[in-house]
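# Reading the structure
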Amino acid sequence: MRNLRWLAALPFLGILIGPFFLNRVEPFVLGLPLLLAWLVFCVIGTSAVMAVIYLADPQNRSPEEPR
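Quick notes on the rules
- Residues numbered from 1 in each chain as written.
- Predicted model: local features only at pLDDT ≥ 70, side-chain atom pairs only at ≥ 80, totals over all residues.
- Heavy atoms only, no water.
- Helix = DSSP H or I, 4+ residues; strand = E, 2+ residues; numbered from the N terminus.
- Rg over C-alpha atoms; globule rule 2.2 N^0.38 Å.
- Buried < 20%, exposed > 50% of the residue type's maximum accessible area, 1.4 Å probe, protein only.
- Contact = heavy atoms within 4.5 Å.
- UniProt positions renumbered as here; feature names shortened; annotations may be inferred.
- Patch = residues over 30% accessible without salt bridge, like charges linked within 9 Å, V, L, I, M, F, W, Y side chains within 5 Å.
- Areas by Shrake-Rupley, 256 points an atom, 1.4 Å probe, with all protein chains shown as cover.
- Salt bridge = Lys/Arg side-chain N within 4 Å of Asp/Glu carboxyl O.
- Expected span 1.5 Å × (residues − 1).

Taking an unreviewed UniProt entry as the reference, the protein chain is identified by name as Membrane protein YhjC belonging to Methylobacterium phyllosphaerae.

## Observations concerning the overall build of the protein chain
Helix and strand counts for the protein chain stand at three helices and two strands. From first element to last, N terminus to C terminus, the protein chain shows the α and β order α-α-β-β-α. For 67 residues, the compact-globule estimate of 2.2 N^0.38 gives 11 Å, and the protein chain exceeds it by more than 25% at 17 Å. Residue burial in the protein chain is summarised as follows: out of 67 residues, 16% are buried. Contacts in the protein chain between residues at least 24 apart in sequence constitute 54% of all its contacts with a sequence separation of at least 6.

## Things to note about the UniProt feature "transmembrane region" (unreviewed entry) in the protein chain
Mapped onto this structure's residue numbering, the UniProt feature "transmembrane region" (unreviewed entry) falls at residues 34–56. End C-alpha to end C-alpha, residues 34–56 measures 32 Å, and it is 100% helix and 0% strand.

## Here's the deal with a nonpolar patch on the surface
Residues Phe12, Leu13, Leu16, Ile17, Phe20 and Phe21 make up a contiguous nonpolar surface patch of about 680 Å² in total accessible area. Considering the arrangement of structural elements, one finds Leu13 in helix α2 (residues 9–22).

## A word on the environment of Leu35
With respect to the helices and strands, Leu35 occurs in helix α3 (residues 34–56). Sequence separation between Leu35 and Ser47 is 12 residues, and the spatial gap between their C-alpha atoms is 19 Å. If sequence neighbours within four positions are ignored, Leu35 has contacts with Pro19, Leu22, Asn23 and Arg24.

## Notes on unusual backbone geometry
Phi is positive for Leu30, close to 55°, though the residue is something other than glycine. Structurally, the position occupied by Leu30 is in the loop between β1 (28–29) and β2 (32–33). Leu30 gets classed as exposed once you look at its relative accessible area, which sits at 76%.

## Some words on α3
The terminal C-alpha atoms of α3, which comprises 23 residues, lie 32 Å apart, in line with the 33 Å expected from a rise of 1.5 Å per residue. Turning to α3, its buried residues number three or more, namely Leu34, Leu35, Ala37, Cys42, Val49 and Ile53.

If you want it as structure tokens, here you go:
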């Protein structure tokens, strides 16, 4: 599980390092300038990564109820 937590650093690094390489107005992605689209995708990607970490965490599994 510890190794999966490193996935949380990926969106952070994308937001931090991405602007250095993608600071352009063109091309447009879904009608947004490239940098703005990149930041939007990083924010959405953060939610996806956190969901994967949550689902993979064994502490979040509910115990089976006795019948």
